[in-house]
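Given next are the chains, with one letter for each unit.
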Amino acid sequence: MFRLTLRSLRAEALRMLLSALAVVLGVAFIAGTLIFIDGMRAGTYERAGAFDRHTDVGVYAEQDPIPAALVEKVRAVDGVRAAEGN
């Protein structure tokens, strides 16, 4: 049985080598895709967090745009360094 296995391995060596190469390439492409997507996701989260990096509290109004009177009330709160209305 062992001799038969070795004989078939020798006879089909190229086929086995190409099959192994296909498996290795498939795994490499999948791993590369997952690494690329993870890097894109991390970059997106980092860039999205950069906008609110210096913001401790956000005040949101039910109407859009925020009324100027509400912005003035927020500015009047003790400890507020800056307030902007968008």
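Here the structure is a predicted model, which is why all the values come from computation and not from measurement.

A. Molecular detail of the overall build of the chain. A count of helices and strands for the chain gives three helices and zero strands. In the chain, the succession of α and β elements from N to C terminus is α-α-α. Relative to the compact-globule value of 12 Å for 86 residues, the chain shows a C-alpha radius of gyration of 31 Å, a clear excess of over 25%. Looking at the chain as a whole, 2% of its 86 residues are labelled buried. Positive and negative side-chain charges of the chain, numbering 10 and 10 respectively, have mean locations separated by a distance of 24 Å.

B. View of the confidence of the model for the chain. This prediction gives the chain a mean pLDDT of 85; 97% of its residues lie at or above 70. The secondary structure element of the chain with the lowest average pLDDT is helix α3 (residues 68-76), at 85, and the one with the highest is helix α2 (residues 13-51), at 91.

C. Just the environment of Pro-65, in detail. By the element assignment, Pro-65 lies in the loop between α2 and α3. Looking at Pro-65, the relative accessible area reads 56%, which means it is exposed. When the C-alpha atoms of Pro-65 and Gly-85 are compared, they prove to be 7.8 Å apart, with 20 residues separating the residues in sequence.

D. Expanded view of the pattern of salt bridges. Tallied over the entire structure, the rule returns two salt bridges. A salt bridge links Glu-12 to Arg-15; its shortest N-O distance comes to 3.6 Å. Here Glu-12 falls in the partly exposed class, since its relative accessible area comes to 35%. In this structure, the salt-bridge partner of Glu-72 is Arg-75, at a minimum N-O distance of 2.8 Å. A residue pair is termed a helical-turn pair when its members lie 3 or 4 positions apart in one helix, as Glu-72 and Arg-75 do in helix α3 at three residues.

E. Spotlight on the environment of Ala-11. When you line up the elements, Ala-11 lands in helix α1 (residues 2-11). Of the residues examined, Ala-11 reaches a relative accessible area of 60% and is grouped as exposed. Separated by 15 residues in the primary sequence, Ala-11 and Gly-26 have C-alpha atoms spaced 25 Å apart.

The rules behind each value
- Residues numbered from 1 in each chain as written.
- Predicted model: local features only at pLDDT ≥ 70, side-chain atom pairs only at ≥ 80, totals over all residues.
- Heavy atoms only, no water.
- Helix = DSSP H or I, 4+ residues; strand = E, 2+ residues; numbered from the N terminus.
- Rg over C-alpha atoms; globule rule 2.2 N^0.38 Å.
- Buried < 20%, exposed > 50% of the residue type's maximum accessible area, 1.4 Å probe, protein only.
- Lys, Arg positive; Asp, Glu negative; His and termini not counted.
- Charge placed at Lys NZ, Arg CZ, Asp CG, Glu CD.
- pLDDT = per-residue confidence, 0-100.
- Salt bridge = Lys/Arg side-chain N within 4 Å of Asp/Glu carboxyl O.

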